[in-house]
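Architecture and fold: a report
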Amino acid sequence: MENTVPRTLGFIGSGAIGAALARLAVAAGLDVVLSNSRGPETLADLVAELGENVSAATPAEAALAGDLVVATIPMHAYDKLPAEALAGKIVLDTLNYYPDRDGRLPELDADNLTSSGLVQRHLTDSRVVKVFNNIGARQLFTLARPVVADDRSALPIAGDDGEAKEEATRLLDVLGWDAVDIGPLSESWRCEPNSPVYVTPYLGEAPGELEPGDWFSWSLESSGGVVPAAEVRALVEAAVRGPAGGNLPPGVEPDMISGRRPEGA
């Protein structure tokens, strides 16, 4: 594969994370093809908002159109990803496992696989890269910076294919982020829910002591704090593997997580 910046970014799932990434992609001059589980017509408002370089399609059509494809749907729907249409593609996996939302997934509970390993097992002929899963949608957008900026933040990436990780790194650079390679998919637990690099470092300093529900509301609106590559590396290295899956704060419903609207909404 030629090492070039992608021209078209496909999306399977167009919730808050997908919409934030689509906005960054449009700002970077990329074409965007959005999709969700409810049909292209339900994305008309978002397409109109984002402009002429954006279109809506079915998940299979978005998969075929994208030079790179972002999968941003709930973990329990991972096996609905269109494997045939995604064959040969680099798939950027933002999925996180929340048992309260997704139900129990035995392969993950047994630590036989990471969530991205399970996605890769389903997408046998694709190259999966874990990325964009450890940050809230607002901070993903507000912390993006040009290449020359001194206050650039970084995101971890993991994958089993070196070339795929290089392509993902180039995309991150275009969208306003540095990348920290944390290894193969088997190491992607280091940026999953409950890990030190998951969400909290990117939020900045909270305004005093907050109750869990208030903290969650604040996190959705915070413009965030800079997390440079060196800090991301240190947080990743400090991770200790615990039980799979994230825990929802008290008072937070399953469809409220991820920044956000439900992933893939």
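So, here's what we can say about the structure. A quick note: this is a predicted structure, and the numbers were derived from the prediction, not measured.

1. Brief notes about the pattern of salt bridges
Pairing between side chains of opposite charge can happen when the charged atoms of each approach one another. Here the structure, examined in full by the defined rule, presents 15 salt bridges. With a shortest N-O distance of 3.5 Å, K80 and D79 are connected by a salt bridge. According to the relative accessible area criterion, K80 is exposed, its value standing at 63%. For D102, the salt bridge is made with R101, and the minimal N-O distance between the two is 2.9 Å. Through salt bridges with shared partners, a single network forms among R127, D161 and E163.

2. Some points on helix α1 (residues 16-27)
Its twelve residues place the ends of α1 17 Å apart at the C-alpha level, agreeing with the 16 Å of an ideal helix rising 1.5 Å per residue. Within α1, nine of the twelve residues are buried, which leaves the element mostly enclosed by the surrounding structure. Where α1 is concerned, the buried positions are A16, I17, G18, A19, A20, L21, A22, L24 and A25. Where α1 is buried, its residues contact β1 (8-12), β2 (31-34), α2 (44-50), β4 (68-71), α8 (137-142) and α9 (162-175). Of the residues flanking the end of α1, it is G29, one or two places downstream, whose phi is positive at about 90 degrees.

3. Quick notes on empty space enclosed by the protein
Empty space among the atoms can be located by rolling a probe the size of a water molecule over them. Under the definition given, this model contains one cavity of 30 Å³ or more. Of the pockets and cavities examined, the largest cavity occupies roughly 60 Å³. Every residue along the wall of the largest cavity is listed here: N96, Y97, L108, D111, L113, T114, S115, E192, P193, R241, A244 and G245. Residues of the lining of the largest cavity, tallied by class, amount to five nonpolar, four polar and three charged.

4. Regarding the sheet that holds strand β5 (residues 90-93)
Read from one edge to the other, the open sheet built from eight strands follows the order β3-β2-β1-β4-β5-β6-β7-β8, with strand pairing classed as mixed. The open sheet has two edge strands with one neighbour each: β3 (54-56) and β8 (178-181). Each neighbouring strand pair of the sheet contributes to a mean axis angle of 25 degrees, computed without reference to strand direction. The sheet contact formed by β1 and β2 spans three bridges and is parallel. Residue L9 lies in a different strand from β2, and its bridge partner there is V32. Sheet contacts for helix α11 (residues 229-237): β7 (154-159) and β8; angle to β7, the most-contacted strand, approximately 50 degrees.

5. Description of the environment of L210
The residue L210 is located in the loop between β8 and α10 (212-221) in this model. Not counting residues within four places of it along the chain, the set of residues in contact with L210 comprises W215 and W218.

6. Quick notes on the nonpolar core
With 50 residues, the main nonpolar core has L34, L92, F132, L140, W177 and Y202 as its most contacted residues. Broken down by element, this core gets its largest block of residues, eight residues, from α1. Formed by 21 residues, the second largest nonpolar core is a distinct cluster that contains A77, L81, A85 and L86.

7. A look at the pairing of strand β6 (residues 127-130)
Alternating positions in β6 separate into two faces, R127 and V129 on one and V128 and K130 on the other, with burial throughout. Sheet topology places β5 next to β6; four bridges connect them, and they run parallel. Along β6, the bridge assignment pairs I90 with R127. Across two bridges, the pairing between β6 and β7 is antiparallel. By the bridge assignment for β7, V129 is matched with G159.

8. Comments concerning the pairing of β1
For β1, a buried count of five out of five residues is recorded, marking the element as mostly surrounded by other parts of the structure. A two-sided burial pattern is seen for β1, the buried positions comprising T8, G10 and I12 on one face and L9 and F11 on the other. Regarding topology, α1 serves as the crossover connection from β1 to the parallel β2, and that connection is right-handed. Of the pairings in the sheet, the one linking β1 to β4 comprises four bridges and is parallel in character. Of the residues in β4, the one forming a bridge with F11 is V70.

Criteria and thresholds
Residues numbered from 1 in each chain as written. Predicted model: local features only at pLDDT ≥ 70, side-chain atom pairs only at ≥ 80, totals over all residues. Heavy atoms only, no water. Salt bridge = Lys/Arg side-chain N within 4 Å of Asp/Glu carboxyl O. Buried < 20%, exposed > 50% of the residue type's maximum accessible area, 1.4 Å probe, protein only. Helix = DSSP H or I, 4+ residues; strand = E, 2+ residues; numbered from the N terminus. Expected span 1.5 Å × (residues − 1). Contact = heavy atoms within 4.5 Å. 1 Å grid on protein atoms, 1.4 Å probe; cavity = no way out; pocket = protein on both sides within 12 Å on 5 of 7 lines; lining within 4 Å. Points joined across faces, edges and corners; volume = space filled by probe spheres on them. Nonpolar A, V, L, I, M, F, W, Y, C, P; charged D, E, K, R; others polar. Pairing = 2+ DSSP bridges. Axes fitted to C-alpha atoms, helices over the stretch in contact; angles between N-to-C directions. Core = buried A, V, L, I, M, F, W, Y, C linked by side-chain atoms within 4.5 Å. Right-handed = clockwise from strand over helix to strand, strands pointing away.

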